[in-house]
Amino acid sequence: MFDWLYQGLGYVIRFCYSLTNNNYVIALFLFALVVKVVLFPFGIKQQKNMVKQAKLRPREMAIRKKYAGRNDQKTQQKQQEEIMALYQEENFNPMGGCLPLLIQFPILIALYRVITQPLTYICQFSSETVAAINAKIAEFMSAGGSEAITKATKGYSAEITTITQMKEIGLENFASIEGFSAQVIPNFEIFSGALNLSYTPSIKNLSWLVLIPILTLVFTLLSTRITKKLSYQAPSTQDMANNPSMKIMEYSMPLLSTYICFTVPAAIGVYWIYQNVLSILQQFVLFKLYPYPKFTEEDYKAAEKAVGADKKEKKKSTTASSGTKGRSLHHIDDDEFEEIYGKKNTKKENKTEEVKENKIVESEKAEEIKEEIENKDIPQIKDDSKTKYKKKD
């Protein structure tokens, strides 16, 4: 399925190998550089995405300050909804910077396939040519050279074993095979054969190759620290910085990469070291090209006022329909609560005042009628059945 990717990467490594006078270490560096250059536009996009998020910091901090000290689920959900609404308003995608990382992992996996199968992907030999090479090797082994060849190839992958056997026998002995070319056979040995990058580093069988996983750990940690320092840290990320789980995550990836280097050919570790070094340089370049904005206290205060003004302009219908049911004990939005329920209390108070005024008016009218009757000096009798005043016959 991904054979086209393996073939493409193999062709690039083969081209780099031809430019370096058959030096595999330098060829891997050129290959890592080509990959970094190809992915550089994605790095620019990632940096621009972080700059955009950094510009939203005052408003995001104002939203978080509005809900500070409220840890119940509904309040936290309300806070997150407002932050996401802010992101959507400014066309910011929090996951927009993950693409470079997602692309690099398939390349690393494909590189493992290419390095462990160099005859197929680097040398571009057909399956028929590889089969003919193996038949030739079997012929030489049956002639008595099997012991030396077996010792030399212990721990190799199938095609790397074949390359080692070919070199033990002599590449000139395979020149008659159709499609074979000795010039494209990669040489994994460095320092005059002291190290072989096709070997897998091992603690049990200590050699200088153990330095490659160790250097991978060092440069991965260094790359993580520098990238973190030169990258924008969102408020949510800063809040979690001292979390033990985040500390574990900070060291888990470098440790994982070190473990992987003990399970794959040393050439993979060399490529990983190159990638970390180039990532550090790329982050410095991007930081200079696209610096993060700096804000003053006045900027944060202005953002708090803006958030407060936006809060008062929310639709009343949405809040009124929710009522008090399910409301946070802290009142998710205090101003909104006062605005709605304060008006209800005001109406009730106004109605009470109106009733009082009506009673006072009625009382005053009753006093006026009583005085008017008394001034006329009309004899009056009291009806026992009803409280009325009647004229005397």
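Structure shown above.
To keep things clear, this report deals only with the structure shown in the data block. (Residues numbered from 1 in each chain as written. Predicted model: local features only at pLDDT ≥ 70, side-chain atom pairs only at ≥ 80, totals over all residues. Heavy atoms only, no water.)

Looking at the overall build of the protein
At step 1: Across its full length, the protein holds 15 helices and four strands.
At step 2: Counting only residues that meet the buried cut, the protein has 35% of its 393 residues in that class.
At step 3: In the form shown here, the protein has an accessible surface area of approximately 25,100 Å², with 58% of it arising from carbon and sulfur atoms. (Helix = DSSP H or I, 4+ residues; strand = E, 2+ residues; numbered from the N terminus. Buried < 20%, exposed > 50% of the residue type's maximum accessible area, 1.4 Å probe, protein only. Areas by Shrake-Rupley, 256 points an atom, 1.4 Å probe, with all protein chains shown as cover.)

Things to note about the nonpolar core
At step 1: Ranked by size, the top nonpolar core spans 52 residues in total, and within it Tyr24, Phe125 and Leu197 carry the most contacts.
At step 2: Of all the elements in the fold, those that place two or more residues in this core are helix H1 (3-19), helix H2 (24-55), helix H5 (99-116), helix H6 (118-121), helix H7 (127-153), helix H8 (158-169) and helix H12 (266-289).
At step 3: Per-element tally for this core: the top contributor is H12, with nine residues.
At step 4: The contact partners of Tyr24, leaving out residues within four places of it in the chain, are Tyr17, Ile115, Ile122, Pro186, Asn187, Phe188, Leu197 and Ala267.
At step 5: If you look at the next biggest cluster of nonpolar residues, it comprises ten residues, including Ala62, Tyr87, Phe92 and Ala303. (Core = buried A, V, L, I, M, F, W, Y, C linked by side-chain atoms within 4.5 Å. Contact = heavy atoms within 4.5 Å.)

Re the packing of helix H3 (residues 57-66) against helix H4 (residues 73-89)
At step 1: Remark: H3 packs on H4, axes separated minimally by 10 Å, with the N-to-C direction vectors making an angle of 165°. The angle between H3 and H4 falls in the class roughly antiparallel. The handedness of the crossing between H3 and H4 is right-handed. Between H3 and H4, the residues in contact are Arg59, Glu60, Ile63, Arg64 and Lys66 and Gln79, Glu82, Ile83, Leu86, Tyr87 and Glu89, respectively.
At step 2: Its residues placed into classes, the contact of H3 with H4 shows four nonpolar, one polar and six charged. (Axes fitted to C-alpha atoms, helices over the stretch in contact; angles between N-to-C directions. Parallel < 35°, antiparallel > 145°, perpendicular 65-115°, else oblique. Left-handed = near helix turned anticlockwise from the far one by under 90°. Nonpolar A, V, L, I, M, F, W, Y, C, P; charged D, E, K, R; others polar.)

Topic: the packing of aromatic side chains
At step 1: By the definition in use, this model includes eleven aromatic pairs.
At step 2: Seen from their ring centres, Tyr17 and Tyr24 are 6.2 Å apart, and the 65° between their planes marks the pair as edge-to-face.
At step 3: Linked through ring pairs, Tyr17, Tyr24 and Phe188 together constitute an aromatic cluster. (Phe/Tyr/Trp six-rings, centres within 6.5 Å; stacked < 30°, edge-to-face > 60°.)

Side note on H8
At step 1: Relative to the 16 Å expected for twelve residues at 1.5 Å per residue, H8 spans 16 Å between its end C-alpha atoms, a close match to the ideal helical length.
At step 2: With nine of twelve residues buried, H8 is to be regarded as a mostly interior element.
At step 3: For H8, the full list of buried residues reads Glu159, Ile160, Thr161, Thr162, Ile163, Thr164, Gln165, Met166 and Ile169.
At step 4: Phi turns positive one or two residues past the end of H8, at Gly170, with a value near 120°. (Expected span 1.5 Å × (residues − 1).)

Description of the environment of Asn22
At step 1: Of note, Asn22 is situated in the loop between H1 and H2.
At step 2: Using a relative accessible area of 37% as the deciding quantity, one classes Asn22 as partly exposed.
At step 3: Residues contacting Asn22, with those up to four places away along its chain left out, are Tyr17, Gln183 and Asn187.

Side note on the pattern of salt bridges
At step 1: According to the stated counting rule, one finds five salt bridges in the structure shown.
At step 2: The salt bridge partner of Glu304 is Lys65, with a shortest N-O separation of 3.1 Å. A residue pair is termed long-range when its members are at least 10 positions apart, and Glu304 in helix H13 (residues 297-312) and Lys65 in helix H3 qualify at 239 residues.
At step 3: Classification of Glu304 as partly exposed rests on a relative accessible area of 31%.
At step 4: When its relative accessible area of 55% is taken as the criterion, Lys65 is described as exposed.
At step 5: If you follow the salt bridges from partner to partner, you end up with Arg59, Glu89 and Glu90 in one network. (Salt bridge = Lys/Arg side-chain N within 4 Å of Asp/Glu carboxyl O.)

Coordinates in, geometry out; function isn't part of it.
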